[in-house]
Amino acid sequence: MRGIAAVPGYVVMQPTTLCNLDCSYCYLPFRAADRRMGVPVAEAVAAAVEGWARAGRFSVVWHGGEPMAAGREHLASLLAPFDPAVEHHVQTNATLIDDDWCEFFARHAVRVSVSVDGPERRNGARVTRGGRPAYQRVLRGVAALRRHGIPFSALCVVSEPSPGLAAELYGYFLDLGVEVLGINIEEREGVNLRDNRHPAEAVSGFWAELTAAWRRDPRVHVREIEWTLRYAAAVLDGTAGELLPRQLDPIPTVGYDGSVVLLSPELAGFTDARYGDFTSGNVLTTPLAEILAGAAAGPGWIGEFLRGVQACRRGCPYFDFCGGAHAANRYFEHGRFDGTETDHCRNSKMRLLEGVLDHARDHGAAVVGRPGR
Ligand code: SF4
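Below: a short report on this structure. In this convention, every chain numbers its residues from 1, walking through the sequence in written order. Only residues with pLDDT of 70 or above have their local features reported here, since the model is predicted, and side-chain atom pairs are shown and tallied only from 80 upward, although totals for entire chains, interfaces and linings are computed over all residues. Heavy atoms throughout the structure, all of them, feed into the side-chain values; hydrogens and water do not.

**Overview of the pattern of salt bridges**
Move 1: We define a salt bridge as a side-chain nitrogen of Lys or Arg found within 4 Å of a carboxyl oxygen belonging to Asp or Glu. What the rule picks out here adds up to 20 salt bridges.
Move 2: Arg72 is the partner of Asp98 in a salt bridge, and the nearest nitrogen-oxygen pair spans 3.9 Å. Taken as a pair, Asp98 in the loop between β3 (87-92) and α3 (99-107) and Arg72 in helix α2 (residues 72-79) lie far apart in primary sequence, 26 residues in all.
Move 3: Taking relative accessible area as the criterion, Arg72 reaches 30% and is therefore assigned partly exposed. Helix and strand labels come from DSSP, where a helix needs a run of H or I of at least four residues and a strand needs a run of E of at least two; each type is numbered from the N terminus. Each residue is placed in one exposure class: buried if its accessible area under a 1.4 Å probe, protein chains only, is under 20% of its type's maximum, exposed if it is over 50%, and partly exposed if it falls in between.

**Structural notes on α2**
Move 1: Among all positions in α2, only His74, Leu75, Leu78 and Leu79 are buried. The arc that holds every buried residue of α2, seen down its axis, measures 140 degrees, which confines them to one face.
Move 2: Those residues of α2 that are buried are in contact with α1 (39-55), β2 (59-62), β3, α3 and β4 (110-115). What the arc covers is the set of directions going from the helix axis to the C-beta atoms. Contact criterion: two residues are considered in contact whenever any of their non-hydrogen atoms come within 4.5 Å of each other.

**Points about the site of the ligand**
Move 1: Residues are classed as near a molecule or strand on a simple rule: at least one heavy atom within 4 Å of it. All residues adjacent to the ligand are Cys312, Cys316, Phe319, Cys322, Gly324, His326, Arg330, Thr340, Glu341, Cys345 and Met350.
Move 2: The set of elements that each furnish at least two residues to the shell around the ligand consists of α10 (319-322) and α12 (343-363).
Move 3: Gly counts as polar in this scheme, as do all residues outside two lists: the nonpolar Ala, Val, Leu, Ile, Met, Phe, Trp, Tyr, Cys and Pro, and the charged Asp, Glu, Lys and Arg. Here the residues of the shell around the ligand sort into 6 nonpolar, 3 polar and 2 charged.

**Some remarks on the pairing of β3**
Move 1: Most of β3 sits inside the fold, with 5 of its 6 residues counted as buried.
Move 2: Only strands that DSSP links by at least two bridges are regarded as paired with each other. Two elements, β2 and β3, share 4 bridges in a ladder whose sense is parallel. Paired with Val60 across the strands is His88, a residue of β3.
Move 3: Classification remark: right-handed applies to a crossover when, strands pointing away from the viewer, the course from the first strand over the helix to the second runs clockwise. In this fold, the crossover linking β2 to β3 by way of α2 has right-handed handedness.
Move 4: In the sheet, β3 pairs with β4 via 5 bridges, with the strands oriented parallel. When the bridges of β4 are listed, His89 appears paired with Arg111.

**Concerning the environment of Cys19**
Move 1: Among the secondary structure elements, Cys19 is positioned in the loop between β1 (10-13) and α1.
Move 2: Residues Cys19 and Met68, spaced 49 residues apart in sequence, show a C-alpha to C-alpha distance of 8.7 Å.
Move 3: The residues touching Cys19, leaving out its near neighbours within four places in the chain, are Arg31, Gly65, Glu66, Asn93 and Arg129.

**Some words on the nonpolar core**
The nonpolar side chains of a soluble globular protein tend to be buried with one another.
Move 1: For our purposes a nonpolar core is just a set of buried Ala, Val, Leu, Ile, Met, Phe, Trp, Tyr and Cys residues, chained together by side-chain atoms within 4.5 Å. Grouped together as the largest cluster of nonpolar side chains are 101 residues, with contacts concentrated most on Trp62, Phe82, Phe105 and Phe173.
Move 2: A per-element tally of this core places helix α5 (residues 165-176) first, with 8 residues.
Move 3: Not counting the four nearest positions on each side in its chain, Phe173 is found in contact with Val116, Asp117, Gly118, Ala154, Cys156, Val178, Leu181 and Val220.
Move 4: Counting residues in hydrophobic clusters, the runner-up holds 10 residues, among them Cys19, Tyr27, Ala134 and Val157.

**Some thoughts on empty space enclosed by the protein**
Move 1: Every definition here rests on a 1 Å grid over the protein atoms only: cavities are sets of points where a 1.4 Å probe fits but cannot get out, pockets are open sets enclosed by protein on both sides within 12 Å along at least five of seven lines, and lining residues have some atom within 4 Å of a point. Grid points are joined across faces, edges and corners, and a volume is the space filled by probe spheres set on the points. With the rule as written, the count across this model stands at 1 cavity of 30 Å³ or more.
Move 2: Taken together, Val12, Gln14, Tyr27, Leu28, His63, Gly64, Thr253, Pro265 and Ala268 make up the lining of the largest cavity.

**Considerations on the sheet that holds β2**
Move 1: Taken in spatial order, the 10 strands of this open sheet run β7-β6-β5-β4-β3-β2-β1-β8-β9-β10, and their pairing is mixed. The sheet terminates laterally at β7 (221-222) and β10 (279-282), the two strands that pair on one side only.
Move 2: Pairing of strand β6 (residues 180-185) with β7 involves 2 bridges; the strand directions are parallel. Note on β7: the bridge partner recorded for Val180 is His221.
Move 3: For helices, the fitted axis covers only the stretch in contact; all axes are lines through C-alpha atoms, and the angles between them, taken along N-to-C directions, range from 0 to 180 degrees. Seen against the sheet, helix α6 (residues 200-216) touches β5 (152-158), β6 and β7 and runs at an angle of roughly 170 degrees to β6.

**Focus: the pairing of β4**
Move 1: Counting buried positions along β4 yields 5 of 6 residues, so the element is predominantly enclosed.
Move 2: The parallel pair β3 and β4 is bridged by α3, and the resulting crossover is right-handed.
Move 3: Taken together, the 4 bridges between β4 and β5 define a ladder with parallel strand orientation. Within β5, the residue paired with Ser113 across the bridge is Ser153.
Move 4: In the classification by handedness, the crossover that spans β4, the intervening helix α4 (residues 135-147) and the parallel β5 is right-handed.

Here you go:
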């Protein structure tokens, strides 16, 4: 894997910076301000991605702030310019979902992913602007999705991996009826400065326990387990070196004002004396394809990051599994981009691989080969 691909697999778009919640682990700097994306920004991105969407699968992920805080009418005006071949996804805290929003999702074929951290007692970080628990509102939104038969995924943040938690979470999301589950071990990034160091055995134990729970009833696609099993199967086939894409997916994040941050959505909205505002251009003045074509030669931080990825390739035994692609984690943990190991990659790559393999060792290799059911 060398350099940055000229065509992304998806773009992230920020319809508003505003979020109606104030979760204690949130990394977003301007979530109290309602800065809305203008329709000309959506038109510029729609024109850029039309050809990519017609040539293959292509997604736009609407990710705020809270994207639904932009309002239905405004979000509809931002969706309108896109070619029907483009898939739309929304990452939402679900607290604003009601029958009208469900009709909106169905009408616009928007795929929904809900942020929720498990049962009520696990959601202490998810609070309203007034500091009150948001969980019951999340459940009301999920109930609306279920009433309308709208399939949904979930994203769960784990702040403290501990014995029993993974099995509890898997059972919860099974009952909730999610199709796909993503687990993020809390990351220290953006305005969230909380420590994310954990004992190695606690984190690998968490992933092993999650794998065991999934194997008992594998109805939910667990993103991290499927990645890992795909890698393990490739190692057994002797094809592990071919799993990573040939070039990094640039993941353009288009801010409310049209500015584009590549590689890490979490860098959007931040500035640094050395690196500036991390943007590589603005879709209102430069076509997205042109911004991508100039990426590696652009702002200094991207070149520095690519050197960091090469250092990972040379020195890290987990590289073929990981790919080393965690620009924001490197920056927010090291203050620069050419370092290698972070607490994030230890928690979510190294310990993940070890945990799933620990489970496979203890229960036989039959676990390998399950993804893609
Ligand atoms: S696990 Fe960490 S050190 Fe290893 S390749 Fe990934 S980012 Fe680099």
